[in-house]
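Letter by letter, the chains look like this.
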Amino acid sequence: MAQPARPPTGYPSQNGAGQQPYSNGPVQNQLMHSSDGQGYSPSVPGLYSHQTPAKVPPHQTSGQYNYSGSQNVSQLNNYQGPGQTLNRPPVAPFSGSPVQQTGPVPQVLLPALQNSAAISSAGSFPPGASPPVLSNWQYSQTPVSQPVGSQTSHLAHMTGTGSAQPPSSLSGNTNPPGNYQYAASPGGPPLQNSYMKPGSAPPPVTQPLTPLHPPARPPLGPPPVGGPPLIRPSTLTAGPPNTQSLLNSAANRDGDATSAASDGSVVQNSYDAIEGGGLMATPHPSPAPPNLKMNRSVGYSYPTLPPGYQNTSPPGAPGMQASALQYPDGSKHFHQPALGTNHLTASMGGLSLQQEGLRPVNLLQERNILPMTLLKAPVPNLHEDIQKLNCNPELFRCTLTNIPQTQALLNKAKLPLGLLLHPFKDLSQLPVVTSSTIVRCRSCRTYINPFVSFLDQRRWKCNLCYRVNDVPEEFMYNPVTRVYGEPHKRPEVQNATIEFMAPSEYMLRPPQPPVYLFVFDVSHNAIETGYLNTVCQTLLDNLDLLPGNTRTKIGFITFDSTIHFYSLQEGLSQPQMLIVSDIEDVFIPMPENLLVNLNENKELIQDLLRTLPQMFTKSLETQSALGPALQAAFKLMSPTGGRISVFQTQLPSVGMGALKSREEPNQRATAKDIHLTPSTDFYKKLALDCSGQQVAVDLFLLSGQYSDLASLGCISRYSAGSVYYYQSYHHKHNPVQVEKLQKELKRYLTRKIGFEAVMRIRCTKGLSIHTFHGNFFVRSTDLLSLPNVNPDAGYAVQMSVEESLTDMQVVSFQSALLYTSSKGERRIRVHTMCLPVVTTLSEVYLGADVQAITGLLANMAVDRSVSATLSDARDALVNAVIDSLSAYRSSVLSIQQPGLMAPYSLRLFPLYVLALLKQKAFQTGTNARLDERIFTMCQVKNQPLVYLMLMTHPSLYRVDNLTDEGALNINDRTIPQPPILQLSVEKLSRDGAYLMDAGSVMFLWIGKNCGQSFISQVLGVPNYGSIPQNMTHLPELETAESMRTIAFISWLREQRPFFPILYIIKDDSPLKSSFLQNMIEDRTESALSYYEFLLHIQQQVNK
Amino acid sequence: MIAPGIPRAAPGPPGPAAMAFTFAAFCYMLALLLTAALIFFAIWHIIAFDELKTDYKNPIDQCNTLNPTVEKVKKIKRVKIALKLVLPEYLIHAFFCVMFLCAAEWLTLGLNMPLLAYHIWRYMSRPVMSGPGLYDPTTIMNADILAYCQKEGWCKLAFYLLSFFYYLYG
């Protein structure tokens, strides 16, 4: 009931709001204990021996699949047991709609466990969320069978909760079993029987399935079923009868496998395909019936979690997969590099990986080093059981996935050690725990996490400080399974990313209400740009979507050379404007009614927003008193805290904080004398005051002239706000910027928000935090003060090794973000990551994560250019490449070969650094205006790694010849997957059309001789000449080409929370230069081409 | 400077040794006292930075509470005072450098010149700030800066101690 209307696609709200906390649910059943002993999941490696069976090749038949799946699952099985039991007690006819079932299936377990309250409508699930095939038939069968009345409720729960909830690994599995049961036992057979069948005797099961599975499915091919579903079922099979142990199940499978017609090798392949399929683009062949498709697509999201974990086992990229599954929105997962074919054992997988990673690459010879698909984060070389619990690399990433043991070793490697975080990312599944005590280490205050070790039932050892702690009494009871005495199976210990509902000890004042204050520049200049119309309209449209509750407050201030307040007192027929002209000593004209409750005064607010754009059209006031307006806003907000959104269109000219123009256009060329540092500390001090009062300031700068973003930006930087910059915004002359503002503002207004937040990052003793990067105020060596936190903000942390990490096999990092949600709940989101420690240089190189390194270096370079000069920063970037490659050459390579050798893991390093050098933030030359440069620097500091990488090194696709080959199928849509091309003009051909995806913008470049069919069938115009100059939309035509192109572009867009604008450019477009500027492998007037850059590096390295 | 210095010289030194009393001797005595004060400042400085650095290891700070606890407020105040002492320190040091200049104690002055120059440089290169002060709260937590400041504190302490004994016996 909770969230019937939730849109399937939206990322935003899901995490926090809708979820059901894990609470001790009423529903549990006794079967739970049946779980096998395996469960002990203390993170210690090596403990899990049972996992191995997982490798067994899956069978192709659907029934068989289930089995295969089960193999992987180890601990999960236990849980399933309960789920099944619930279902069994069948009494009442099954009411659940098929959809629900399918959707929930994966999740079912948890939700069911939880509380009945959770029940929600099926709608909440994205369509097809779950394991497809199975569910289908279940349903069909179900009517016959007799799931209990209780069942229905469970299902419902599941669906409801499921959407929000993270299927902890535990929960996920249950449904599938349920499915089997139904199918198998039309007559209401005893549970065990049903289970047994699936497990032991596949054939019977399969039969029912087969009908549903249409012939369409290609034999080996990516089974329509999709990896995830299969897997789960497997667990289920094991689970149901408690009696069955994993081993048994494994044995069964083996038997099955042998019996199965397919030979081992075949099976394996299919397995790969399956897993990969889920993850990657996979390729579900289109033939499958619609239902199937539906299921699959969704399947990722929900079902995935549990399977995700399980999946990890495959050698190739276990971690990745898991992560991918978990977080459906990440774009990356889809493209997975082909996994190694052999599924021997995990360790083997690890080995092969290593060898690949160690292979030196001669960069001068191998020109085609750019992978065809998006690069994935490397997987730490951990025991698979640990790895599968590890944090998703999109949330938490380390530059070196093998941590060097000593600082000396780190220095030798010449690579930066650091973390890149995206802590508040929108997640589709997040376990939420409500409990009276949050278990933490008594000495270092670390939250309990999957990587602690349990010494026995009552004691656990902290993985950060190694203190032995007691397990509190409450923690002995597992609310998910309702079993006592299994602390190691609590969700806290099963999920690296988890959210706690914080009790009152975590607040020093009652959680604040969401408070939003909008501050508009209404000087003549601002009115000229016409932004007020757009902003007010967007605000009007999204007023109901602002995150908040009944306590939400909102207020408005406008300013030119005076400050205008708006009283929205109840009972007024229209808003009352109060003007304060004393800008030297700002005061608040009336104590209340300037910030009013949004819901109670909605009409007045809407009224104000409608009239605001017209109120100042005659204004001739050109001065801008931004400083005093900000002071006023701060005074207004300081009692509560909240968010101030400032719209500014020019250089502030009067009052405190007035600035002078410092940009001298003709000096842009000289890299040395540009003003990257603030000219006054007014904004910084004000930001610190804001930070102290839990107020964040977000700055929207819409300016044609220089506005000294370097100084203004401080207001956002230190108050944890964000900066948006729209160069030369004008409502008529620059329609593209208008659309961009609309889209970004919409996202800005509706995205999740956390108030009065702090984030603490802890790491294992011996490591220490060196520097933080991002927008915040550092309050203590490991504590960031974030008055607001938003899901689009990323952070970076430089680390150093203070004491050598001898005797440690792994180290852990934990970030804990304490915030107040827009619903007024205090929550703590905890991410924990575990990485191995290594002692040799070659292993350090092996684990290098080139994207993370590039991201961290970019952050460091921004600092360097501010504290020293831009050219220093550029040199430092180049030196980073030279130093690391020469260290590799001299210390790791035994044979000195000619050429420029780089470890495989760093093969893209020079390319990325070159891309950074050519980026607006660091480029030389007169191209970049100062504000633009500084804005790019802000973005480098504040964007999550994924988007930073796209911005730095965009992906280029050829789109005029898209085919369905290798396409991805989601929700009935076929999404072509063209390969990524190198960013070089030589890859462009005049008779093609190319799409460049640069994160926040996309360019579609149409070659002069582009095929007529593409122009007419995709662009909808008769010929090249008639393509309009400022085209930003593709018409939706009924042609296959158009549908493919649009499907691909919208698929790219869906993977990010903001809306990238598509520019369609021709040879003579003014935007062509920005397109060509991204061709970073080519030579430009002031920068080297990629090959020249390599030669330069080689020269330095070989010196 | 000299003008106020001389008249105070007479009442300052009590006792019979006043015979050999010169302006230079007075300078040394004053410098001795002031150096003692500077040593005190330096120690405070070191403690302040150490507190900043080790803050997180403090088990009392158990949870991520938003607002500082009472003890924390006290500590922050102490740290702030310590950081504010920087300017008086520079002024005091500059003051007795001038005294030595007037007393024509070239050797002593020469010994103090590097520190004086350092102080001037340090103050010139401080971050952009409207008020007086040397430390920017937004960058002070950077590990490099923190380490640098700590090292600076120790070096100064050593320097002041040495000069203390130098003045004592000089």
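How each quantity is defined
- Residues numbered from 1 in each chain as written.
- Chains lettered and ligands numbered in written order.
- Predicted model: local features only at pLDDT ≥ 70, side-chain atom pairs only at ≥ 80, totals over all residues.
- Heavy atoms only, no water.
- UniProt positions renumbered as here; feature names shortened; annotations may be inferred.
- Helix = DSSP H or I, 4+ residues; strand = E, 2+ residues; numbered from the N terminus.
- Buried < 20%, exposed > 50% of the residue type's maximum accessible area, 1.4 Å probe, protein only.
- Contact = heavy atoms within 4.5 Å.
- Areas by Shrake-Rupley, 256 points an atom, 1.4 Å probe, with all protein chains shown as cover.
- Salt bridge = Lys/Arg side-chain N within 4 Å of Asp/Glu carboxyl O.
- Pairing = 2+ DSSP bridges.
- Axes fitted to C-alpha atoms, helices over the stretch in contact; angles between N-to-C directions.
- Patch = residues over 30% accessible without salt bridge, like charges linked within 9 Å, V, L, I, M, F, W, Y side chains within 5 Å.
- Expected span 1.5 Å × (residues − 1).

An unreviewed UniProt entry annotates chain B as Cornichon family AMPA receptor auxiliary protein 1 originating from Accipiter nisus. Its UniProt record gives chain B a comment under Subcellular location (unreviewed entry), which states: "Membrane". For the record of chain B, the UniProt heading Sequence similarities (unreviewed entry) holds the text "Belongs to the cornichon family."

Under the UniProt heading Sequence similarities (unreviewed entry), the note attached to chain A is "Belongs to the SEC23/SEC24 family. SEC24 subfamily."

S.K.: Whenever I open this one, the overall build of chain A confuses me. Can you help?
M.R.: For chain A, the helix and strand inventory stands at 37 helices and 34 strands. Out of the 1103 residues belonging to chain A, those deemed buried represent 68%. In chain A, of all internal contacts separated by at least 6 residues, the share reaching a separation of at least 24 is 79%. When the accessible surface of chain A is totalled, it reaches about 34400 Å², and 54% of it is carbon and sulfur.

S.K.: What is the right way to read the pattern of salt bridges from this model?
M.R.: Between side chains of opposite charge, a pair can form as their charged atoms come close. Residues and elements named next belong to chain A. Using the criterion set out here, one finds 24 salt bridges over all chains in the structure. When the shortest N-O distance is used, the salt bridge between arginine 827 and glutamate 825 registers 3.0 Å. We classify glutamate 825 as partly exposed; its relative accessible area is 27%. As a salt-bridge pair, arginine 1083 and glutamate 1092 come within 3.0 Å of each other at their nearest N and O atoms.

S.K.: In this structure, what is going on with the sheet that holds strand β7 (residues 459-461) of chain A? I would like to understand it.
M.R.: Hydrogen bonding along the main chain pairs the strands of a sheet, whether they run parallel or antiparallel. Residues and elements named next belong to chain A. An order of β6-β7-β8 is seen for the three strands of this open sheet, with the pairing classed as antiparallel. Among the strands making up the open sheet, the edge pair consists of β6 (453-456) and β8 (468-470). Averaged over all pairs of adjacent strands, the angle between their axes in this sheet comes to 35°, without regard to strand direction. As paired strands, β6 and β7 are joined by three bridges and run antiparallel to one another. Across the sheet, phenylalanine 454 pairs through a bridge with tryptophan 460, a residue of β7.

S.K.: What's the story with the UniProt feature "transmembrane region" (unreviewed entry) in chain B in this structure? I'm lost.
M.R.: The positions UniProt marks with the feature "transmembrane region" (unreviewed entry) are residues 21-47 and 90-116 of chain B. Taken end to end, residues 90-116 of chain B is 89% helix and 0% strand, and its first and last C-alpha atoms sit 8 Å apart.

S.K.: Can you walk me through a nonpolar patch on the surface in this structure?
M.R.: Nonpolar side chains collect at one region of the surface, where Leu161, Phe165, Leu168 and Tyr169 of chain B lie side by side and expose about 430 Å² of accessible area between them. With respect to the helices, strands and loops of the structure, leucine 168 of chain B is situated in helix α6 (residues 143-169).

S.K.: I keep staring at the environment of valine 959 of chain A and nothing clicks. Help me out?
M.R.: Residues and elements named next belong to chain A. Topologically, valine 959 is positioned in the loop between β28 (955-958) and β29 (968-970). Here the alpha-carbon distance between valine 959 and threonine 434, two residues 525 residues apart in the chain, equals 49 Å. Not counting residues up to four positions away in its chain, the partners in contact with valine 959 are Ala993, Tyr994, Leu995, Leu1004, Phe1014, Thr1045 and Phe1048.

S.K.: Honestly, helix α21 (residues 531-542) of chain A in this entry has me stumped. Any pointers?
M.R.: In an α-helix, one turn spans 3.6 residues, which is why side chains three or four residues apart end up on the same side. All names here are of chain A. Compared with an ideal rise of 1.5 Å per residue, which puts 12 residues at 16 Å, α21 spans 17 Å between its outermost C-alpha atoms and is within 8% of the ideal. When you tally the buried positions in α21, you get nine out of 12 residues, the bulk of the element. Along α21, the positions that sit buried rather than exposed are Tyr531, Leu532, Thr534, Val535, Cys536, Thr538, Leu539, Leu540 and Asn542.

S.K.: What is the right way to read the sheet that holds strand β24 (residues 795-801) of chain A from this model?
M.R.: Residues and elements named next belong to chain A. Read from one edge of the open sheet, four strands run β2-β4-β24-β21, paired in antiparallel fashion. Looking at strand neighbours, the two that pair on one side only are β2 (396-398) and β21 (767-773), the edges of this open sheet. Looking at each pair of strands side by side, their axes are set apart by 25° on average, direction ignored. As paired strands, strand β4 (residues 418-421) and β24 are joined by four bridges and run antiparallel to one another.

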